[in-house]
Amino acid sequence: MPDQPLEEILEIEGRAPGTDAERRTANLLREQLVKRGRQAELQAVYVHRSPETVQALHAILGVVASVVSAYLAPLGFALLLLVIASCYLDLSSRFYLLRRLLFRRGSQNVISPGNRPDARERIILVAGCDVPRTGWMKGSRAFEMRRRFPKRAHGWLGVYRVLLWAGLAPLLFLIGARLAGYDPTWITIVQILPTVILAVVAFLLIDSSLATPSPGASENASGVIACMDLAKRLDTSPVQHLDIWIVLSGGSTCFGEGMRSFFADKRLRDPERRTTVVELQGVGAGTICFRASQGAGIGIQPPERLVEALAGTPPATEAVSGDAVAARSAGIDAITLTGLDDGLPQPWRSTMADLPVTVDQAILDHAVATAERMIRNLDTAAAGEGEPAQAIR
């Protein structure tokens, strides 16, 4: 059964990014950390309430560029090139173009610094305070459709990759051919397919942006509790060469906007020592694994030293972006631990069925133990001044 802190978090409903509920959750978590004897403070950040809206606009503008190209190929090509650049940079948490035009709301990161500022490496345990919105594309029917694909394709399937690689990218080649003067009839016919794909993607994203936020027991209250329990273990039995921080981020489901703001604050960056982010996300059910490749647009891999420190933990591939991807885009080493069933998230994740009953305490404890083992391996490596250490299995 879930513990009391988890139940307290779930009493705050509608914890979507940039909402009052998310901010109240951050205040609650700060109080919980202080009760556990850790220093904790709040960092004000600004996030977009609906990441789906941003990407829906990319899809809609892609449709507009496709239609315009039939009459003015140079204008259509220029618009599409701008949309692709904006979409790619946005999905990889590198730079915001279209997103900057949209209204942002106040949010908060909960920051609990470590007590070893002289340590060789800073480890930041990360989990998002917010919850995803629901919608048809996250429901049971969409899950069953996705499960019919070959297992190898599961990790690469994601609405944002469909947007970028099946919608926008093909249009770039087709409209580019028109711009170069090659304009046979078949190009017009073929161009219909990616245009229709973009229209469908826009509809699905708008549906999700208007949907009710998930209760978020597993995604991601379980990750928050795992971070706090892991920090408690490491405070009770300290590592010798690592400084253990906790950051419970706001706007995690907005492609890690809170984490992006954390590393943008120069006061919180430490150029004198290595920083590593360990994200725990959706660790309340399934088989605990690490994301060997993740990213909504393109796959981003974790550093090899972190993979080696997780010896014995199975890898997985997911076309999702969060705090770890935002950290990697900022040049920070990062890895994500999550719980999957046969390479797929559970069918109730990001739905209204993500209730306390979905969180298995034994699996949550296993996720904490896995992360602790990795951190102690990193501590052993740090003791050897960066020399590879024998991994604990």
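Position numbers for residues start from 1 in each chain and track the written sequence from start to end. This being a predicted model, a pLDDT of at least 70 is required before a residue's local features are given, and a value of 80 or more before pairs of side-chain atoms are given or counted; all residues contribute to the totals for chains, interfaces and linings. Computation of side-chain values covers all heavy atoms of the structure but excludes hydrogens and water.

Enquirer: It is not clear to me how the side chain of R133 should be interpreted in this structure. Could you clarify?
Expert: By definition, any uninterrupted DSSP run of H or I lasting at least four residues is a helix, any uninterrupted run of E lasting at least two residues is a strand, and each is numbered from the N terminus. Inspection of the secondary structure puts R133 in the loop between strand 3 (121-128) and helix 5 (140-147). Under the scheme applied here, a residue whose accessible area is under 20% of the maximum for its type counts as buried, over 50% as exposed, and between as partly exposed, the area being computed with a 1.4 Å probe on protein chains only. Neither His nor the chain ends contribute to the count of charged residues, in which Lys and Arg are positive and Asp and Glu negative. By definition here, a salt bridge exists when the distance from a side-chain nitrogen of Lys or Arg to a carboxyl oxygen of Asp or Glu is within 4 Å. E52 provides the closest opposite charge to the buried, unpaired R133, separated from it by 5.3 Å. Discounting chain neighbours no more than four positions away, the residues touching R133 are A16, R49, K138, S208, S209, A211, T212, P213, S214 and S350. Note on definitions: a residue-residue contact is assigned when non-hydrogen atoms from the two residues lie within 4.5 Å.

Enquirer: Looking at this model, I keep getting lost on helix 7 (residues 159-179). Mind explaining?
Expert: Within an α-helix, residues lying three or four positions from one another point in the same direction, as the helix has 3.6 residues per turn. Take the residue count of a helix, subtract one, and multiply by 1.5 Å to get its expected span. For helix 7, with 21 residues, the first-to-last C-alpha span of 29 Å sits near the 30 Å given by 1.5 Å per residue. Of all the bends in helix 7, the largest measures some 30° and sits at L168, one to four residues before the proline P170. Phi for G181, located one or two positions after helix 7, is positive at around 95°. To get the bend at a given residue, fit one axis to the seven residues ending there, fit another to the seven starting there, and take the angle between those axes.

Enquirer: Explain the sheet that holds strand 5 (residues 274-280) to me, please; I cannot follow it from the model alone.
Expert: Within a beta sheet, neighbouring strands are joined by backbone hydrogen bonds and run either parallel or antiparallel to one another. A pair of strands is considered paired only if DSSP assigns at least 2 bridges between the two. Spatially, the eight strands line up as an open sheet ordered 1-2-4-3-5-8-6-7, and their pairing is mixed. Both edges of this open sheet fall to strand 1 (41-47) and strand 7 (315-318), since each of them pairs with a single strand only. Neighbour to neighbour, the strand axes of the sheet diverge by 30° on average, direction disregarded. Bridge count between strand 5 and strand 8 (residues 333-340): five bridges; the pairing is parallel. From the neighbouring strand, L280 faces strand 8, where its bridge partner is L337. Along the sheet, helix 13 (residues 361-383) makes contact with strand 3, strand 4 (242-249), strand 5, strand 6 (287-294) and strand 8, crossing strand 4 at roughly 140°. Helix axes are fitted to C-alpha atoms over the stretch in contact, other axes to C-alpha atoms as well, and angles between N-to-C directions run from 0 to 180 degrees.

Enquirer: So what exactly am I meant to see when it comes to the environment of Q281 here?
Expert: When you line up the elements, Q281 lands in the loop between strand 5 and strand 6. In this structure Q281 comes out as buried when scored by relative accessible area, which is 11%. Excluding anything up to four places from it in sequence, Q281 contacts E219, N220, R291, T336, L337, T338, G339 and R349. Reaching out from Q281, the side chain makes a polar contact with the side chain of R291 at a distance of 2.3 Å. Side-chain atoms alone can form a polar contact between residues adjacent in sequence; in general such a contact is a pair of N or O atoms within 3.5 Å, and within protein one must be able to donate a hydrogen while the other accepts it.

Enquirer: Explain the packing of aromatic side chains here, please?
Expert: When we look at a pair of aromatic rings, we describe it by the centre distance and by the angle of the planes. Pairing of aromatic rings covers Phe, Tyr and Trp, the last through its six-membered ring, and needs centres within 6.5 Å; plane angles under 30 degrees mean stacked, over 60 mean edge-to-face, and all others mean tilted. This model, assessed by the stated rule, comprises three aromatic pairs. Relative to F255, the ring of Y160 lies with its centre 5.3 Å away and its plane at 70°, an arrangement referred to as edge-to-face. Here the residue Y160 occupies a position in helix 7, and F255 occupies one in the loop between strand 4 and helix 10 (257-264), the gap between them amounting to 95 residues. Of the two residues examined, Y160 and F255, each falls in the buried class. Charges are assigned to positions over rings by a cutoff of 6 Å between ring centre and Lys NZ or Arg CZ, combined with an angular limit of 35 degrees from the ring normal. Looking at R122, its charged tip hangs above the ring of W245, at a distance of 4.6 Å from the centre. The ring of Y96 carries the charged tip of R260 above its face, separated from the ring centre by 4.2 Å.

Read these as spatial facts, not as claims about activity.
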